[in-house]
Amino acid sequence: MKISKITENEFRKMIAVSSNRLNNNAEFINSLNVFPVPDGDTGTNMSLSFASGAKYVSESTSSSVGELSQALAKGLLMGARGNSGVILSQVFRGFSKNAAAKTELTPADLADALVAGVQTAYKAVMKPQEGTILTVARKAAEAATKTAKTSDDCVEVMEAAYEAAEAALKTTPDLLPVLKEVGVVDSGGQGLTFVYQGFFDALSGNVRDEQEYHPTPADMDDMVSAEHHKSVQSQLNTEDIQYGYCTEIMVKLGAGRLVDEKFDYDTFRGYLSEIGNSLLVIADDEVVKVHVHTEQPGKVLSYGQKFGSLIKVKVDNMRLQHETILEQDKEAEEEQQAEINQIAGDYGIIAVASGDGLAQLFHSVGVTQIIQGGQTMNPSTKDIVDAINATGKDKVIVLPNNKNIFLAAEQAADVADANVKVVHTRSITQGLSAMINFNKEADIDENVAAMEEALDDVISGQVTVAVRDTTIDGQEIKKDNYMGIVDGSIKVTDPDRKQATLEMVKAMLDEDSEVITIIYGADADQTEAQAIADEIQSWDEDYEIEIHEGDQPVYPYLISVE
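What you are looking at is a predicted structure, and each value in this text was computed from that prediction instead of being measured. (Residues numbered from 1 in each chain as written. Predicted model: local features only at pLDDT ≥ 70, side-chain atom pairs only at ≥ 80, totals over all residues. Heavy atoms only, no water.)

1. With respect to the overall build of the protein chain
- When helices and strands are counted, the protein chain shows 21 helices and 16 strands.
- Here the protein chain holds 562 residues, and 53% of them are scored as buried.
- Pairs at least 24 apart in sequence give 70% of the contacts found in the protein chain among residues at least 6 apart.
- Of the roughly 25000 Å² of accessible surface on the protein chain, a fraction of 45% belongs to carbon and sulfur atoms. (Helix = DSSP H or I, 4+ residues; strand = E, 2+ residues; numbered from the N terminus. Buried < 20%, exposed > 50% of the residue type's maximum accessible area, 1.4 Å probe, protein only. Contact = heavy atoms within 4.5 Å. Areas by Shrake-Rupley, 256 points an atom, 1.4 Å probe, with all protein chains shown as cover.)

See below:
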């Protein structure tokens, strides 16, 4: 779809889609928040701020894109919450000023407006910091400008801006050490990327799943650390917060009994900069809005009253917020550990697995330690020894879950001080099956014997993609086709993933089959997994079918039949 000019209809759709995108992903953005202090509400702030702008747009009767952009900017200013919300409002304040006189936007107009937004946002921040939303906005605007020089299509310009925002987002940990330390991208930058993604989707007609965003492990390699489910706030210290009160005021200039000074932007901003940080001061002829982190919120309120009446006040104790987050994370960890200990008893149990979903599955059946690894990343002997030592137990069982890890596991068992035994699990599904037969009351040799015996009761299947053309076991395999591998032997190849999975399951079933477990990976999804389960159920209503999210790379599906 080509769009040579953005009209009223396109612009309204852009705002609506992006508002919805931010709303659906607010909690994910919150989980990334770590700069400038861990108040953990960037996603909520950006979502509510943009929703306010979207409301002003929806209430406007204008058919001019310029006037609609001014409505967006006004709504964002009035509804701006937090540091991130205010910066977002400034991006679109600059955008609206540049577009104000235009009824429609050409590709060049769109690029110019994005550039103007960046310039306004940089000026609004007392100490612009690269590696934040500012970097993402700037890189997006630069890409839009470059594309607009050779393209007459607004879709192409917005696509360039969105892709550049996404690329810039991935670089934020390299620009800001605190992000790299805890392994996340900038939360405000992530929010703006969702906005630009929404703009592009609205213009191109692209339809995405509007559910909450769940990054895959492949995304996480580029974007956040593998511990993305653990809130990053828990990796910081409360005492590191220099200014503990997130303070926001909105002042109606000239109104109020205590007014004794005429508002001057530089003077006003200069005073506040001396009593806090993360300062943003936004003003028009009627209203001034302030966001600052300070130890003296009372001074901020009193100073604001010198210039007008306070029409909005918000003060949050960020140290208390942070302590609450730490307590919640600690409670969750303690609850999970108690559940694991209830199953494992005085054993340490180690499993090799890749993917947060798989880790949770193994923890749920009593595994105490997870070593991230598998087919494409075999752990070393030292990695396994370190995990053995980390259990702090005298009796330890290791589940390699891959035959290529057997030797390293056995070497680790030989050199470790604890009594370590290896259960020779060749796959993830064998590892899970072995744990069903673990008994914390039994001695280690009895457990190993029972767990090894259980391996014969499970048939393991894996679906993956062929990386080259070849012929194996009489199967002609084409590059990029899906392969169904049953207990190490390629049984199926098909260009369609769902079909390959179903044909593989057929090859795994016999008259004694009862329980079928489907674990979908990073490249699959629950919708497809459910469709596969429904098809299998139609073959025999007595099958007991379980579906789990594994998040594993390389293998879209891991399936066991027992």
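2. Considerations on the sheet that holds strand 6 (residues 369–372)
- Taken together, the 4 strands give an open sheet; going across it, the order is 6-5-7-8, and neighbouring strands pair in parallel fashion. Each end of this open sheet is capped by a strand with a single partner; those strands are strand 6 and strand 8 (419–422). Each strand of the sheet is rotated relative to its neighbour by a mean of 20°, with strand direction disregarded.
- Bridging between strand 5 (residues 347–353) and strand 6 involves 4 bridges; their strand directions are parallel. Each bridged residue has a counterpart across the sheet, and for Ala 353 the counterpart in strand 6 is Gln 372.
- The strands touched by helix 16 (residues 381–391) within the sheet are strand 5, strand 6, strand 7 (395–399) and strand 8, with strand 6 carrying the most contacts at an inclination of about 160°. (Pairing = 2+ DSSP bridges. Axes fitted to C-alpha atoms, helices over the stretch in contact; angles between N-to-C directions.)

3. Thoughts on the pairing of strand 13 (residues 489–494)
- In this sheet, strand 13 lies alongside strand 12 (residues 482–486) in antiparallel orientation, the contact comprising 5 bridges. Its bridge partner being in strand 13, Ile 485 is matched across the sheet by Ile 490.
- Where strand 12 folds back on strand 13, the antiparallel hairpin that results is connected by 2 residues, among which Asp 487 adopts a positive phi of roughly 45°.

4. Some remarks on a negative patch on the surface
- Residues Glu 453, Asp 456, Asp 457, Asp 510, Glu 511, Asp 512, Glu 514, Glu 544, Glu 546 and Glu 562 make up a contiguous surface patch of negative charge.
- Mapped onto the elements of the fold, Asp 457 is located in the loop between helix 19 (444–454) and strand 9 (459–465). (Patch = residues over 30% accessible without salt bridge, like charges linked within 9 Å, V, L, I, M, F, W, Y side chains within 5 Å. Salt bridge = Lys/Arg side-chain N within 4 Å of Asp/Glu carboxyl O. Lys, Arg positive; Asp, Glu negative; His and termini not counted. Charge placed at Lys NZ, Arg CZ, Asp CG, Glu CD.)

5. Notes on the confidence of the model for the protein chain
- In the predicted model, the protein chain carries a mean pLDDT of 85, and 89% of its residues have values of at least 70.
- Note on residues 34–39: pLDDT under 50 across the span, and 27 contacts to partners over four residues away in sequence or across chains.
- Low pLDDT (under 50) marks residues 211–235, which in the prediction has 58 contacts with non-local residues, meaning those over four places away or in another chain. (pLDDT = per-residue confidence, 0-100.)

6. Topic: the packing of helix 1 (residues 8–24) against helix 10 (residues 187–204)
- Where helix 1 contacts helix 10, the two axes come as close as 8 Å, and the packing angle between them is 140°. Considered as vectors, helix 1 and helix 10 are oriented oblique to each other. Helix 1 and helix 10 meet at a crossing whose hand is right-handed. For the pair helix 1 and helix 10, the contacting residues are Glu 10, Lys 13, Met 14, Ile 15, Val 17, Ser 18, Arg 21 and Leu 22 in the first and Gly 191, Phe 194, Val 195, Gln 197, Gly 198, Phe 199, Asp 201, Ala 202 and Leu 203 in the second.
- Residues of the contact of helix 1 with helix 10, tallied by class, amount to 9 nonpolar, 4 polar and 4 charged. (Parallel < 35°, antiparallel > 145°, perpendicular 65-115°, else oblique. Left-handed = near helix turned anticlockwise from the far one by under 90°. Nonpolar A, V, L, I, M, F, W, Y, C, P; charged D, E, K, R; others polar.)

7. What about the pattern of salt bridges?
- Considering all chains together, one arrives at 16 salt bridges under this definition.
- Of the charged contacts, one joins Lys 2 and Asp 152 as a salt bridge, the two residues approaching to 3.0 Å between their closest N and O atoms. With Lys 2 in the segment before helix 1 and Asp 152 in the loop between helix 7 (133–148) and helix 8 (154–175), this residue pair connects regions lying 150 residues apart in the sequence.
- For Asp 152, a relative accessible area of 46% translates into the label partly exposed.
- Note that Lys 506 and Glu 503 form a salt bridge whose closest N and O atoms lie 3.7 Å from each other. Of the two residues, Lys 506 and Glu 503 both sit in helix 20 (residues 497–508), 3 residues apart, roughly one turn of that helix.
- You can call Lys 506 partly exposed: its relative accessible area is 44%.

8. Side note on the sheet that holds strand 13
- On the basis of which strands lie adjacent, the open sheet formed by 6 strands has the order 13-12-9-16-14-15 and mixed pairing. Only two strands of the sheet have a single neighbouring strand rather than two, namely strand 13 and strand 15 (544–549). The sheet shows a mean angle of 20° between the axes of neighbouring strands, direction not considered.
- Examined bridge by bridge, strand 14 (residues 515–520) and strand 16 (residues 557–561) share 5 bridges and lie antiparallel to one another. Bridge pairing in strand 16 places Thr 517 opposite Ser 560.
- In the packing of helix 18 (residues 428–436) onto the sheet, the strands contacted are strand 9, strand 14 and strand 16, and the crossing angle to strand 16 comes to about 45°.

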